[in-house]
Amino acid sequence: MDTKISFNKPFIVGKELYYIAQAVQSGHLSGDGTFTKKCNAWIEAHTGAKQALLTHSCTAALEMAAMLCDIKPGDEFIVPSYTFVSTVNAFVLRGGVPVFVDIRPDTMNIDETKIEAAITSKTKVIVPVHYAGVGCEMDTIMDIAKRHNLLVVEDAAQGVDSTYKGKALGSISHLGCYSFHETKNFIAGEGGALVINDERFRERAEIIREKGTNRSQFFRGMVDKYTWVDIGSSYLPSEVVAAFLFAQLEEAEKITEKRLLLWNAYYEQLKPLEEKGYLRLPVIPRECSHNAHMFYILLENLDVRTRLIDVMKSQNIHPVFHYVPLHNAPKGIEVTGKKVSLPITEEYADRLLRLPMYYELAFDDVSRIVGVIKEFFQA
Ligand SMILES: *Cc1c(COP(=O)(O)O)cnc(C)c1O
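Everything numeric in this text was worked out from a predicted model, so none of it was measured.

What follows deals with the sheet that holds strand β7 (residues 167-168). Sheet strands pair via backbone hydrogen bonds, and the direction of the pair is either parallel or antiparallel. Strand order in the open sheet formed by three strands is β7-β6-β10, with antiparallel pairing between adjacent strands. Edge positions in the sheet fall to β7 and β10 (288-289), since each of these pairs with one other strand and no more. In the sheet, strand β6 (residues 163-164) pairs with β7 via two bridges, with the strands oriented antiparallel. Within β7, the residue paired with T163 across the bridge is A168.

Below is the structure:
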């Protein structure tokens, strides 16, 4: 049997343990030490954000964003259904009610032309998700938000090191959320960051992240004792995690470069199959540069996808499909109180297949994977 090609393999750049040893020797292991500050500074420098705050996950950053938006029970937020559960849960935890909007068939991102019709007097926030690290149509979304006086929170979990019109994903709206989970491009095992682009959220973000206390101001000598001033939780990662992550961020350019080469290899080799109509390849809008987070193909229907997965698995290659849409999941129906129909989301969720994609994937592996797909279609 051919060697196994798994869907993902976490990449270790090499300096992680060295930096962790430094963190341990420094005698400061809780949050907001030297390495956390280095990671925050890296994100600020690479996004132009006013402030970046490392968190223990993107889920945590999304929860902080929901608190900063002051979501109250009954407030509505507009969100795609084709996303990870945390995008929605973070706002539902505060009593928010999701209004699910369909996606665009080209990028799998929220269809910006359908947002305005979903706005009501209860709408507070729009939450676009940059699927596969490819930017949503942010100019249109920000324009709608401005006209209706809404906030925008970007779920840029997959979009670290991607841009839209030259701006880093996560830095375009009021607040952005990043993930450094082991399945993303730059990893900390579990990790994330809140990217703050609007000055007015800075002070409160620090307070929410420090369990609702003004501890950060105390450390800066701005207040003479710290106390409970707001709601909040513990959203700081340990210095051990930050040290690991900093080693990864230092190599971000190299990681993205290699992933893009693999992505382009898939694209070039699968292009003839798209031209013959067997499958559809990802679309990258001209305004976007991407980080090759994901390489997916769209098959004709669920049946073709199931058969292709079986054939690939029999050859020891392990592709995976993605989100089960949230709008008709049990909790989705409960929190919205209705069953809506989102035709593109429902159709494309059944058709999408993610191919193996990770830093150490070999170009020979890409050729072997494409070979199996070609054989499947007898193309
Ligand atoms: C990975 C991911 C998350 C969650 O990230 P964690 O760091 O695991 O909490 C949220 N949204 C999207 C779109 C993701 O891909």
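What follows covers the state of the cysteines. A covalent bond between the sulfur atoms of two cysteines is what we call a disulfide. Evaluated as defined, the whole model comprises zero disulfides. In this model C69 remains outside any disulfide bridge; the closest cysteine sulfur is found in C177, 9.0 Å from its own.

Relative to the 20 Å expected for 14 residues at 1.5 Å per residue, helix α2 (residues 34-47) spans 20 Å between its end C-alpha atoms, a close match to the ideal helical length. When we look at burial in α2, the residues that qualify are F35, T36, C39, N40, W42, I43 and T47. For α2, the buried positions fall inside an angular range of 155 degrees around the axis, keeping them on one side. Exposed residues on α2 whose side chains face more than 90 degrees from its buried face are T34, K37 and A45. Positioned one or two residues after α2, G48 has a phi angle of 75 degrees, which is positive.

The next subject is the sheet that holds strand β9 (residues 192-196). Taken together, seven strands build an open sheet; the order of strands is β1-β9-β8-β5-β4-β2-β3 and the sheet is mixed. What marks the edges here is a single partner per strand, and that holds for β1 (51-55) and β3 (97-101). Put simply, the sheet's adjacent strands are angled 25 degrees from each other on average, direction ignored. Along the sheet face, helix α4 (residues 85-92) touches β2 (76-80), β3, β4 (123-126) and β5 (151-155) and points at about 175 degrees away from the line of β2. Across the face of the sheet, helix α5 (residues 138-148) comes into contact with β4 and β5 while running at roughly 150 degrees to β5.

Glancing now at the environment of V366. As for its position among the elements, V366 is in helix α13 (residues 363-377). With 219 residues separating them along the chain, V366 and R147 place their C-alpha atoms 46 Å apart. Discounting chain neighbours no more than four positions away, the residues touching V366 are L262, A265, Y266, Q269 and L361.

Here we come to the packing of helix α3 (residues 58-68) against α4. Packing of α3 against α4 brings their axes to within 8 Å, and their N-to-C directions diverge by 35 degrees. Here the hand of the crossing between α3 and α4 comes out right-handed. Only S86, T87, A90 and F91 of α4 make contact with α3, whose side of the interface consists of T59, L62, E63 and A66. Of the residues that constitute the contact of α3 with α4, the class distribution is four nonpolar, three polar and one charged.

In total, this model carries 22 salt bridges according to the counting rule given. With a shortest N-O distance of 3.2 Å, K114 and D111 are connected by a salt bridge. Since its relative accessible area comes to 37%, K114 is described here as partly exposed. For D111, a relative accessible area of 10% corresponds to the buried category. Two residues, R307 and D303, come together in a salt bridge whose shortest N-O distance is 3.3 Å. Taken as a pair, R307 and D303 lie in helix α10 (residues 302-314) at a separation of four residues, close to a single helical turn. Its relative accessible area of 46% is what places D303 among the partly exposed residues. Linked through salt bridges whose partners overlap, the residues forming this network are D70, K72, R204 and D230.

Conventions adopted
Residues numbered from 1 in each chain as written. Predicted model: local features only at pLDDT ≥ 70, side-chain atom pairs only at ≥ 80, totals over all residues. Heavy atoms only, no water. Pairing = 2+ DSSP bridges. Helix = DSSP H or I, 4+ residues; strand = E, 2+ residues; numbered from the N terminus. Disulfide = S-S within 2.5 Å. Expected span 1.5 Å × (residues − 1). Buried < 20%, exposed > 50% of the residue type's maximum accessible area, 1.4 Å probe, protein only. Arc of directions from axis to C-beta. Axes fitted to C-alpha atoms, helices over the stretch in contact; angles between N-to-C directions. Contact = heavy atoms within 4.5 Å. Left-handed = near helix turned anticlockwise from the far one by under 90°. Nonpolar A, V, L, I, M, F, W, Y, C, P; charged D, E, K, R; others polar. Salt bridge = Lys/Arg side-chain N within 4 Å of Asp/Glu carboxyl O.

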